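What follows is the residue order along each chain.
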Amino acid sequence: MSEDKLLEQFEKRIEAGEIIEPKDWMPDRYRKQLIRMMSQHAHSEVVGMLPEGNWITRAPSLRRKMVLLAKVQDEAGHGLYIYSATETLGIDRAELIQQLLDGTAKYSSIFNYPTLSWADMGVIGWFVDGAAIVNQTMLAKCSYGPYARAMVRICKEENFHKKQGYEITATLANGTPEQHEMIQDAVNRWWWQSLMMFGPSDKDSPNSAELMRWKVKLKSNDELRQRFVDLTVPQAKAVNLTLPDPDLKLNEETGHYEYGKINWDEFWNVVKGNGPMNKERIRARIDAHENGRWVREAAIAYSEKNQKNN
Amino acid sequence: MAELSKEKSEWKVWEVFTQLKTGEPHIHAGNVHAPDAEMALQNARDVYSRRNEAVSLWVVPADQLVATSPSDSGPFFEPANDKIYRHPQFYKIPKGVRGF
Amino acid sequence: MSYKLNNDVRSALFEYLLRLGDDKLILGHRLSEWCGHAPILEEDIALTNIALDCVGQASAFLTLAAELENKGRSEDDLAYLRNEIQFKNLLLLEQLNKDFAYTIARQFFYSSFGIYFFQDLAKCKFEPLAGISSKTIKETSYHLRHCKEWMLRLGDGTEESHNKAQEAVNDLWRFTEELFFKNEIDELLIQENILIDSNPLKQKWRDYVEEILTQATLQIPQNENMQIGGRHGIHTEHLGHLLAEMQILARSYPNAKW
């Protein structure tokens, strides 16, 4: 069958809502786009362990210590599920990691910001995981089987992440005046960056149209961002916190919250590598990988010796 | 594939199957990387069952799994058109007979 | 909750529970330092799993201790507001994560003790303590399985891993005698029939550790210069830094809830 015919059949399958599995025929661009998207997602989970990991040893109660540990552990697990799903497309995890460490692959730029206070733990769970949930809920219905299935698993675990973040937020907001100030400051530092997580408006996003046609992306960046804003504004009101946007107001007609202008220059600058923590995040991942090399090698050497003996 | 394996520090891929409750079949959950079977089992439990989601785990080196290809699905799965008698709808059960 | 215990016994039990709770807390804390930095993603998950179990057990022991003390302190007060001299954990557990071999050797020495120790403790006559110990056994056996497999792979892996494993074993060996430390607190609890006398424990531990180290092609250190002090609050310098980090928020914001 000709490439054109195959492509036609493939797109008919997508249109009919069929799920594409690893060994099905797929256009090379579909495979490439998925590898890019999925590996970026996996890298984000793994790098995403670092901002919160920064506060594990300073968690202020035994319960918070355990919950934060469990959350960061989940993020490692999520990275793993998605690397695992990406490998079904015919690429090694080793190669994906190499791309992250040498800077050719990207990860969500939100993780290039520093966590400066315990309150950041609240806001990250509430905003960053909250944004991730909006995105992942959509991806759970995407056309590529292994990715969709990984998303379903992740969505189940992610709900606890947002809840614990909001719980920390509420505790601080209703706590001492110093605690309230701490959480309000964190909100001020993370709000706009969280809105940027959804990416620029699709007209400025080169990949969106194709991804939508192939049902890898089912909603536009702006739609998802709007959903996140609409969910979050009442949540902020409920705990007496203000979002740092003087232009934020409810449009009575549409039922949606209008918000102010996002500073996309900052976004692109961070994507380029000039954010506050880009270098440190990659350095941490390089160190873990390099310092752990002797450990991984030892395990392989042992297993080879034992195979010889069997 | 990657040139990096020449360093001998990359672990093999193992596919993981989990049984959620006794009596149910094992379902494919994803993969883990591990140097051998014992570590693969431990890793699989930590990754896919740390919330007690499984009562049993199977791990298989990915290169040991043999699978059909979509292009096989013709003769492999479809009964030929003259063998419709495999389908239960083509049997008439006399009225009054229970259990079907 | 008021347990029917005389003051001396109550006091001894409280002290005993601090030891157990502090052991788990300090060990859990050290393990948690690996999160995001482990040699491979699967090990990030595995080490964090052990850390979580330890902190969970710490919480159980310290909660019971606080109840016994009956002075209105909570498990968080005990964890976050006591100073170095008041902590009763083993010196072994506060040692630094110098590298993966140190972490594994530390865990191996501790868990191979724990598997026997908590089996004994699960038979103790003070029911709440027996209950917590019972739950700990399953987790401990999983931790032991993990670190024993790593001892074998590091010891009998590459030359580099063998050397690092041997160095860790040599360095941490001097803290192992303290695992079997007993003083009048233990004596009193044994006398009152609350604890059973676990003297054979040391030999069982020794036999098991020797078996695994030998299989891992590692030498058992001959140096018998042992270090104790943790049970009396006389720690190494490491604990001070650990607590400074761990307790900073609780101490900076007195009376705040988190």
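See the structure printed just above.
Focus: the overall build of chain C
Then, in step 1: Secondary structure assignment for chain C yields ten helices and zero strands.
Then, in step 2: Seen in sequence order, chain C has helices and strands lined up from the N terminus as α-α-α-α-α-α-α-α-α-α.
Then, in step 3: By principal-axis analysis of the C-alpha atoms, chain C measures approximately 55 × 45 × 30 Å.
Then, in step 4: A buried classification covers 62% of the 258 residues belonging to chain C.
Then, in step 5: Of the contacts formed within chain C by residues at least 6 apart in sequence, a portion of 80% connects residues at least 24 apart.
Then, in step 6: Accessible surface, chain C as shown: approximately 10,200 Å² in total, 49% of it carbon and sulfur.
Then, in step 7: Counting 27 positive and 39 negative side-chain charges, chain C places the centres of these two groups 4 Å from one another.

Examining helix 1 (residues 3-15) of chain A
Residues and elements named next belong to chain A.
Then, in step 1: Its 13 residues place the ends of helix 1 18 Å apart at the C-alpha level, agreeing with the 18 Å of an ideal helix rising 1.5 Å per residue.
Then, in step 2: Within helix 1 the residues assigned to the buried category are Leu 6, Phe 10 and Ile 14. Projected onto a plane normal to the axis of helix 1, the buried residues spread over an arc of 75° and lie on a single side. When the buried face of helix 1 is taken as reference, the exposed residues oriented beyond 90 degrees from it are Asp 4, Lys 12 and Glu 15.
Then, in step 3: Where helix 1 is buried, its residues contact helix 2 (28-47) and helix 9 (208-213).
Then, in step 4: Taken from the residues just after helix 1, Gly 17 is the one with a positive phi, measuring 80°.

A look at the environment of Met277(A)
Then, in step 1: Structurally, the position occupied by Met277(A) is in the loop between helix 11 (264-274) and helix 12 (278-291).
Then, in step 2: Through-space distance from the C-alpha of Met277(A) to that of Met196(A) is 17 Å; in sequence the pair is 81 residues apart.

Observations concerning the interface of chain A and chain C
Then, in step 1: Across the contact, 43 residues belong to chain A and 47 residues belong to chain C.
Then, in step 2: In this assembly, chain A packs against chain C so that about 4,000 Å² is buried in total across both faces, 71% of it on carbon and sulfur atoms.
Then, in step 3: Of all residues in chain A, the largest losses of buried area upon contact with chain C belong to Leu62(A), Trp294(A) and Tyr302(A), amounting jointly to 20% of the total for that side.
Then, in step 4: At the boundary of chain A with chain C, the tally comes to two salt bridges.
Then, in step 5: One salt bridge connects Asp156(C) with Lys305(A), and the closest N-O pair in it is separated by 2.9 Å.
Then, in step 6: Across the contact surface, chain A and chain C share 13 residue pairs in polar contact (both at pLDDT 80 or more).
Then, in step 7: Those elements that provide at least two residues to the side of chain A that touches chain C are helix 3 (49-53), helix 4 (62-87), helix 7 (145-173), helix 8 (177-196), helix 12 and helix 13 (293-309) of chain A.
Then, in step 8: Looking at the side of chain A that touches chain C element by element, the count peaks at 13 residues for helix 4 of chain A.
Then, in step 9: Across the side of chain A that touches chain C, the residue classes break down as 25 nonpolar, nine polar and nine charged.

Observations regarding the interface of chain A and chain B
Then, in step 1: Taken together, the contact pairs 26 residues of chain A with 25 residues of chain B.
Then, in step 2: Summed over both sides, the interface between chain A and chain B buries roughly 2,300 Å², with carbon and sulfur atoms accounting for 50% of that surface.
Then, in step 3: On inspection of chain A and its partner chain B, the count reaches three salt bridges.
Then, in step 4: Of the charged contacts in the structure, one is a salt bridge between Asp74(A) and Arg51(B), with a shortest N-O distance of 2.7 Å.
Then, in step 5: Counting every contact that joins chain A to chain B gives eleven residue pairs in polar contact (both at pLDDT 80 or more).
Then, in step 6: For the side of chain A that touches chain B, the elements supplying multiple residues, two or more each, are helix 4, helix 5 (93-101), helix 7 and helix 13 of chain A.

Quick word on helix 2 (residues 41-69) of chain C
Residue and element names in this part refer to chain C.
Then, in step 1: Helix length check: helix 2, at 29 residues, gives a terminal C-alpha distance of 42 Å against a target of 42 Å (1.5 Å per residue), a fit within 8%.
Then, in step 2: Within helix 2, 25 of the 29 residues are buried, which leaves it mostly tucked inside the rest of the structure.
Then, in step 3: Just downstream of helix 2, Asn 70 is the residue with a positive phi angle, here 60°.

Some points on the side chain of His29(C)
Then, in step 1: Along the chain, His29(C) falls in helix 1 (residues 7-32).
Then, in step 2: Under the relative-accessibility criterion, His29(C) is labelled buried at 1%.
Then, in step 3: Non-local contacts of His29(C), meaning those with residues more than four positions away in its chain, are made with Thr57(A), Lys65(A), Leu242(C) and Met246(C).

Focus: the pattern of salt bridges
Then, in step 1: Summed over all chains, the structure comprises 40 salt bridges over all chains.
Then, in step 2: Residue Glu290(A) is joined to Arg293(A) by a salt bridge in which the shortest nitrogen-to-oxygen separation is 2.9 Å.
Then, in step 3: The class for Glu290(A) is partly exposed, based on a relative accessible area of 40%.
Then, in step 4: Here Arg145(C) and Glu38(B) are joined by a salt bridge, their closest N and O atoms 2.8 Å apart. Within this pair, whereas Arg145(C) is found in helix 6 (residues 127-155), its partner Glu38(B) is found in helix 1 (residues 37-48), the two belonging to separate chains.
Then, in step 5: The structure contains a network of salt bridges with shared partners spanning Glu52(A), Lys71(A), Glu75(A) and Asp129(A).

Some words on the side chain of Ser44(A)
Residue and element names in this part refer to chain A.
Then, in step 1: Note on placement: Ser 44 falls in helix 2.
Then, in step 2: For Ser 44, the side chain forms a polar contact with the main-chain nitrogen of Ser 108, separated by 2.7 Å.
Then, in step 3: Excluding anything up to four places from it in sequence, Ser 44 contacts Tyr 107, Ser 108 and Phe 111.

A short note on the nonpolar core
Nonpolar side chains in soluble globular proteins tend to be buried together.
Then, in step 1: Counting 200 residues, the largest nonpolar core has Tyr30(A), Trp118(A), Tyr147(A), Phe108(C) and Leu129(C) as the members making the most contacts within it.
Then, in step 2: Counting residues per element, this core draws most heavily on helix 2 of chain C, at 15 residues.
Then, in step 3: With residues near it in sequence (within four places) discarded, Trp118(A) still touches Trp55(A), Ala59(A), Pro60(A), Arg64(A), Leu68(A), Ile168(A), Leu172(A), Met182(A), Leu249(C) and Trp258(C).

So, how was this worked out
Residues numbered from 1 in each chain as written. Chains lettered and ligands numbered in written order. Predicted model: local features only at pLDDT ≥ 70, side-chain atom pairs only at ≥ 80, totals over all residues. Heavy atoms only, no water. Helix = DSSP H or I, 4+ residues; strand = E, 2+ residues; numbered from the N terminus. Buried < 20%, exposed > 50% of the residue type's maximum accessible area, 1.4 Å probe, protein only. Contact = heavy atoms within 4.5 Å. Areas by Shrake-Rupley, 256 points an atom, 1.4 Å probe, with all protein chains shown as cover. Lys, Arg positive; Asp, Glu negative; His and termini not counted. Charge placed at Lys NZ, Arg CZ, Asp CG, Glu CD. Expected span 1.5 Å × (residues − 1). Arc of directions from axis to C-beta. Buried area = accessible area lost by both parts, 1.4 Å probe. Salt bridge = Lys/Arg side-chain N within 4 Å of Asp/Glu carboxyl O. Polar contact = N/O pair within 3.5 Å; in protein donor to acceptor, adjacent residues only side chain to side chain. Nonpolar A, V, L, I, M, F, W, Y, C, P; charged D, E, K, R; others polar. Core = buried A, V, L, I, M, F, W, Y, C linked by side-chain atoms within 4.5 Å.

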